[in-house]
Amino acid sequence: MTVITGFYSLRQIIGDPTSNTPAKIPVCATTWWNGIKSGRYPKGIKISARRTAWRCEDIHALLNSFK
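Parameters at a glance
- Residues numbered from 1 in each chain as written.
- Predicted model: local features only at pLDDT ≥ 70, side-chain atom pairs only at ≥ 80, totals over all residues.
- Heavy atoms only, no water.
- Helix = DSSP H or I, 4+ residues; strand = E, 2+ residues; numbered from the N terminus.
- Buried < 20%, exposed > 50% of the residue type's maximum accessible area, 1.4 Å probe, protein only.
- Arc of directions from axis to C-beta.
- Contact = heavy atoms within 4.5 Å.
- Pairing = 2+ DSSP bridges.
- Axes fitted to C-alpha atoms, helices over the stretch in contact; angles between N-to-C directions.
- Phe/Tyr/Trp six-rings, centres within 6.5 Å; stacked < 30°, edge-to-face > 60°.

S.K.: I tried to follow the environment of glycine 39 on my own but got confused; where do I start?
M.R.: On the secondary structure map, glycine 39 appears in the loop between helix H2 (29-38) and strand E2 (45-48). With 24 residues separating them in the primary sequence, glycine 39 and leucine 63 have C-alpha atoms 15 Å apart.

S.K.: Teacher, can you tell me more about H2 here?
M.R.: Since the α-helix advances by 3.6 residues per turn, residues separated by three or four positions end up pointing in the same direction. Three or more residues of H2 are buried, namely Trp32, Gly35 and Ile36. Down the axis of H2, the buried set is contained in an arc of 100°. They therefore lie on one face. Of the residues in H2, the exposed ones pointing more than 90 degrees away from the buried face are Thr30, Lys37 and Ser38. Contacts from the buried residues of H2 go to helix H1 (10-14), strand E3 (51-55) and helix H3 (56-65).

S.K.: What am I meant to see in the sheet that holds strand E1 (residues 7-8) here?
M.R.: Strand pairing in a sheet relies on backbone hydrogen bonds, with the paired strands running either antiparallel or parallel. Reading across from one edge, E1-E3-E2 is the order of the 3 strands in this open sheet, with antiparallel pairing throughout. What marks the edges here is a single partner per strand, and that holds for E1 and E2. With 3 bridges connecting them, E2 and E3 associate as antiparallel partners. Looking at the pairing, lysine 46 lines up with threonine 52 of E3. Each of E1 and E3 is contacted by H3, which is oriented at about 60° to E3, the strand it contacts most.

S.K.: How should I be thinking about the packing of aromatic side chains in this particular structure?
M.R.: Counted according to the given criterion, the structure contains 3 aromatic pairs. Summarising the aromatic geometry, the rings of tryptophan 32 and tyrosine 41 are spaced 4.5 Å apart at their centres and angled 15° between planes, so their arrangement reads as stacked. Assessed through its relative accessible area of 7%, tyrosine 41 is described here as buried. Ring plane angle 80° and centroid distance 5.7 Å describe the contact between tryptophan 32 and tryptophan 54, whose orientation is recorded as edge-to-face. Of this pair, tryptophan 32 sits in helix H2 while tryptophan 54 sits in strand E3, and the two are 22 residues apart along the sequence. For the pair shown, tryptophan 32 and tryptophan 54 are each scored as buried. Within the aromatic cluster, the residues linked to one another by ring pairs are Trp32, Trp33, Tyr41 and Trp54.

By themselves these figures say nothing about function.
So, in structure tokens, the structure goes:
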């Protein structure tokens, strides 16, 4: 099993039609943020005042939990 390290932006997770980025988790931004508040989705890491990123390991673990 390959372990991917690094960070994903919100657009890389939920997709971005303007840049043709496919969604790893096909939900809207509001659903994503509500899922974080409820504990369903992992919390992000603030990398600047207006930017949050998520550890790749956390997103891949979430995707594996859906299987």
